[in-house]
2 protein chains.
Amino acid sequence: MPTRATAPPTLTTRQFELVAKALSDPRRMALLEAIGSAAEYPCHRLCEEFPVSKGTISHHTKELLRAGLIQARREGQYIYFELRRDTLTAYTHELTRRLGRMG
Amino acid sequence: MPTRATAPPTLTTRQFELVAKALSDPRRMALLEAIGSAAEYPCHRLCEEFPVSKGTISHHTKELLRAGLIQARREGQYIYFELRRDTLTAYTHELTRRLGRMG
DNA sequence: TCAATGATTTGACGGTTGTAGAACTGTCGT
DNA sequence: ACGACAGTTCTACAACCGTCAAATCATTGA
């Protein structure tokens with residue numbers, strides 16, 4: 001069976017922790033929401049629309065990348081982010097798996 | 001209409017942040033899993049089974065209580081914790097609601 | 001080649017956090 | 001009343017985190 005192109009249905013312990021950590025900061029969560037609001041979201045628009053410095057934006061997006069919550073596509077001098085919903089579902093599934101059946 | 005005894009189907013912004021923060025620490029997550037592994041879990045068993053001090057256990061359970069992820073019942077000198085799965089479902093639902101439809 | 005724009009990296013700073021240990025409160029048996 | 005046990009609170013500390021500013025890298029256009 002070939003390796004799946006999309007996403008693993010389950011997360012490693014390490015990645016589970018990274019996702020939880022990434023979601024724990026309100027600002028980072030807001031950035032993630034913005035990115036998820038469109039099919040693709042240009043990085044410089046995040047810089048325009050959030051009252052934080054470029055460096056901070058870069059820091060947060062790096063964390064989101066590490067967690068696998070977004071992916072980046074470079075096009076010339078621009079970078080476009082895309083929300084990875086598969087990682088999110090994997091996270092919520094792992095959460096419910098660890099904490100028994102939920103309502 | 002009377003106030004519901006169980007849990008709100010949706011979380012306030014504040015509570016959403018508290019839950020995300022509470023879930024972001026691996027140790028606290030492990031404590032939550034232990035509590036969720038039974039209908040009720042006595043506090044002193046957490047102290048026995050985790051290699052951290054009493055003070056640290058108390059600190060973490062306090063955070064879990066603040067987030068509404070557990071509830072406590074006192075019985076004499078003992079305290080029993082119970083996982084609140086309703087808060088967890090509310091959290092995952094809010095997460096998916098904020099990030100658009102997911103797989 | 002040079003200037004301008006987009007993005008990353010580095011260094012520093014203040015606030016937060018996980019942790020231990022000691023002191024304290026509360027409850028049970030004897 | 002007293003000692004043992006369960007839990008909380010306080011203090012202190014090292015590590016981490018979000019943030020900015022400045023420097024640096026990368027890419028495009030003139």
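One can find the structure itself at the top, above this paragraph.
Fair warning: this is a prediction, and the values are worked out from it, not measured in the lab.

## What about the sheet that holds strand β2 (residues 70–75) of chain B?
All names here are of chain B.
Then, number 1: Reading across from one edge, β1-β3-β2 is the order of the three strands in this open sheet, with antiparallel pairing throughout. This sheet does not close on itself; its edge strands, each paired only once, are β1 (41–42) and β2.
Then, number 2: Judged from the two bridges that link them, β1 and strand β3 (residues 78–83) form a sheet pairing that is antiparallel. Within β3, the position partnered with Tyr-41 by the bridge is Phe-81.
Then, number 3: Along the sheet, helix α2 (residues 26–36) contacts β1, β2 and β3; its crossing angle with β3, the most-contacted strand, is approximately 95°.

## Comments concerning the protein's contact with DNA strand C
Then, number 1: Neighbouring DNA strand C are 21 residues, the closest being His44(A), Ser58(A), Ile79(A), Ser53(B) and His60(B).
Then, number 2: For DNA strand C, the backbone makes up 69% of the atoms found within 4 Å of the protein, where backbone means sugar plus phosphate.
Then, number 3: A distance of 3.0 Å separates a base nitrogen of DNA strand C from a polar side-chain atom of Lys54(A).
Then, number 4: Interatomic distance of 3.1 Å between a side-chain N/O atom of Thr56(B) and a phosphate oxygen of DNA strand C.

## Quick word on the pairing of strand β3 (residues 78–83) of chain A
Two faces make up the sheet, and in a regular strand the side chains alternate between them.
All names here are of chain A.
Then, number 1: One ladder, built from six bridges, connects strand β2 (residues 70–75) with β3; its direction is antiparallel. Bridge pairing in β3 places Glu-75 opposite Tyr-78.
Then, number 2: Following β2, the chain reverses through two residues before pairing antiparallel with β3; Gly-76 in that reversal takes a positive phi of roughly 65°.

## Focus: the relation of the copies chain A and chain B
Copy one and copy two of the chain differ by a rotation about a common axis and a shift along it.
Then, number 1: With an axial shift of 0.1 Å and an RMSD of 0.1 Å, the rotation relating chain A to chain B amounts to 180°. Interpreted geometrically, this transformation is the action of a two-fold axis.
Then, number 2: Most of the interface of chain A is mirrored in chain B, where 100% of its interface residues again form contacts.

## Details of the nonpolar core
Then, number 1: Membership of the largest hydrophobic core comes to 55 residues, with the highest contact counts inside it found for Tyr91(A) and Tyr91(B).
Then, number 2: Once residues lying within four places of it in the same chain are set aside, the contact partners of Tyr91(B) are Leu23(A), Leu95(A), Leu11(B), Phe16(B), Val19(B), Ala20(B) and Leu23(B).

## Comments concerning the interface of chain A and chain B
Accessible area lost upon the coming together of the parts serves often as the stated size of an interface.
Then, number 1: Listed by partner, the interface residues are 23 residues for chain A and 23 residues for chain B.
Then, number 2: Across the interface of chain A and chain B, roughly 2100 Å² is buried in total on both sides, 72% from carbon and sulfur atoms.
Then, number 3: On inspection of chain A and its partner chain B, the count reaches two salt bridges.
Then, number 4: Between Glu33(A) and Arg98(B) there is a salt bridge, with the nearest N and O atoms lying 3.0 Å from each other.
Then, number 5: Summed over the shared surface of chain A and chain B, the result is four residue pairs in polar contact (both at pLDDT 80 or more).
Then, number 6: Looking at the side of chain A that touches chain B, the elements with two or more residues in it are α1 (13–23), α2 (26–36) and α5 (85–98) of chain A.
Then, number 7: In terms of residue class, the side of chain A that touches chain B is built from 12 nonpolar, five polar and six charged.

## Looking at the sheet that holds β3(A)
Residues and elements named next belong to chain A.
Then, number 1: Judged by pairing direction, the sheet is antiparallel, and its three strands sit side by side in the order β1-β3-β2 without closing on themselves. Either end of the sheet is taken by a strand with one partner, and the two such strands are β1 (41–42) and β2.
Then, number 2: Packed on one face of the sheet, α2 meets β1, β2 and β3 and runs near 95° to β3.
Then, number 3: Contacting β2 and β3, helix α4 (residues 54–66) runs over the sheet at an angle of about 120° to β2.

## Topic: the protein's contact with DNA strand D
Then, number 1: Of all residues adjacent to DNA strand D, which total 21 residues, the nearest are Ser53(A), His60(A), His44(B), Ser58(B) and Ile79(B).
Then, number 2: When the atoms of DNA strand D within 4 Å of the protein are grouped by moiety, sugar and phosphate amount to 71% of the total.
Then, number 3: The separation between a phosphate oxygen of DNA strand D and a polar side-chain atom of Arg28(A) is 3.0 Å.
Then, number 4: The separation between a phosphate oxygen of DNA strand D and a polar side-chain atom of Ser58(B) is 2.7 Å.
Then, number 5: Counting residues per element, the ones that place at least two in the surface near DNA strand D are α2 and α4 of chain A together with α3 (43–49), α4 (54–66) and β3 of chain B.

Calculation criteria
- Residues numbered from 1 in each chain as written.
- Chains lettered and ligands numbered in written order.
- Predicted model: local features only at pLDDT ≥ 70, side-chain atom pairs only at ≥ 80, totals over all residues.
- Heavy atoms only, no water.
- Pairing = 2+ DSSP bridges.
- Helix = DSSP H or I, 4+ residues; strand = E, 2+ residues; numbered from the N terminus.
- Contact = heavy atoms within 4.5 Å.
- Axes fitted to C-alpha atoms, helices over the stretch in contact; angles between N-to-C directions.
- Near = heavy atom within 4 Å.
- Polar contact = N/O pair within 3.5 Å; in protein donor to acceptor, adjacent residues only side chain to side chain.
- Least-squares fit on C-alpha atoms with pLDDT ≥ 70 in both.
- Core = buried A, V, L, I, M, F, W, Y, C linked by side-chain atoms within 4.5 Å.
- Buried < 20%, exposed > 50% of the residue type's maximum accessible area, 1.4 Å probe, protein only.
- Buried area = accessible area lost by both parts, 1.4 Å probe.
- Salt bridge = Lys/Arg side-chain N within 4 Å of Asp/Glu carboxyl O.
- Nonpolar A, V, L, I, M, F, W, Y, C, P; charged D, E, K, R; others polar.

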